[in-house]
Amino acid sequence: MNQKSLLAALLLLALVPAAARSTTIGLGVFGGASVPLVQDDNGSGSIFGARAPVNLVPLFTVEPYFASTSGGSKDQDVGGVTYTRDGIDDTAFGANVL
């Protein structure tokens, strides 16, 4: 099963309410700066995303998420030659089950 199918199945499972209980659904968004501390070949950039925790039954929560991060370009000197490296560009989808 690929990641998109798994995410769709988890979202569908999370949205199906329990028969005799009310299901709680939340939404959280986040964003900020992505500043590399040790990695010399990546510049500063941004990170943002969203999470949707769904409490299906007591002590069982499914939290699908989306996150995206991008880093700025960085000049790096290797043996006297300067290279300009593009920053990272990463997108993540997934789900946490608690």
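Residues numbered from 1 in each chain as written. Predicted model: local features only at pLDDT ≥ 70, side-chain atom pairs only at ≥ 80, totals over all residues. Heavy atoms only, no water.

A tally of regular secondary structure across the protein chain gives one helix and eight strands. Mapped from its N terminus to its C terminus, the protein chain presents α and β elements in the order α-β-β-β-β-β-β-β-β. (Helix = DSSP H or I, 4+ residues; strand = E, 2+ residues; numbered from the N terminus.)

Moving on to the pattern of salt bridges. The tally for this structure, following the rule as stated, stands at one salt bridge. Notably, a salt bridge pairs Glu63 with Arg51, separated by 3.3 Å at the nearest N-O pair. On the criterion of sequence distance, the pair formed by Glu63 in strand S5 (residues 60–71) and Arg51 in strand S3 (residues 45–51) is long-range, its members being 12 residues apart. On the accessibility criterion, Glu63 (15% relative accessible area) is buried. (Salt bridge = Lys/Arg side-chain N within 4 Å of Asp/Glu carboxyl O. Buried < 20%, exposed > 50% of the residue type's maximum accessible area, 1.4 Å probe, protein only.)

Turning our eyes to something else, we now look at the environment of Lys4. Tracing the chain through its elements places Lys4 in helix H1 (residues 3–15). When the C-alpha atoms of Lys4 and Gly94 are compared, they prove to be 8.9 Å apart, with 90 residues separating the residues in sequence.

Of note, Thr61 is situated in strand S5. If near-sequence neighbours (up to four positions away) are discounted, Thr61 is found in contact with Pro53, Val54, Asn55, Asn96, Val97 and Leu98. (Contact = heavy atoms within 4.5 Å.)

Right, let's talk about the confidence of the model for the protein chain for a bit. Considering every residue of the protein chain, the mean pLDDT works out to 82; 86% of them sit at 70 or more. Between the elements of the protein chain, mean pLDDT differs from a low of 69, seen in H1, to a high of 92, seen in S3. (pLDDT = per-residue confidence, 0-100.)

Turning our attention to the pairing of S5. In this structure, S3 lies alongside S5, joined through seven bridges in antiparallel fashion. Residue pairing in the sheet places Arg51 in a bridge with Tyr65 of S5. Pairing of strand S4 (residues 54–57) with S5 involves three bridges; the strand directions are antiparallel. Residue pairing across strands places Val57 opposite Phe60, the latter belonging to S5. Between S4 and S5, which follow one another and run antiparallel, lie two residues, and Leu59 among them has a positive phi close to 70°. Examined bridge by bridge, S5 and strand S8 (residues 89–97) share nine bridges and lie antiparallel to one another. The residue bridging Ser68 from the neighbouring strand is Thr91, located in S8. (Pairing = 2+ DSSP bridges.)

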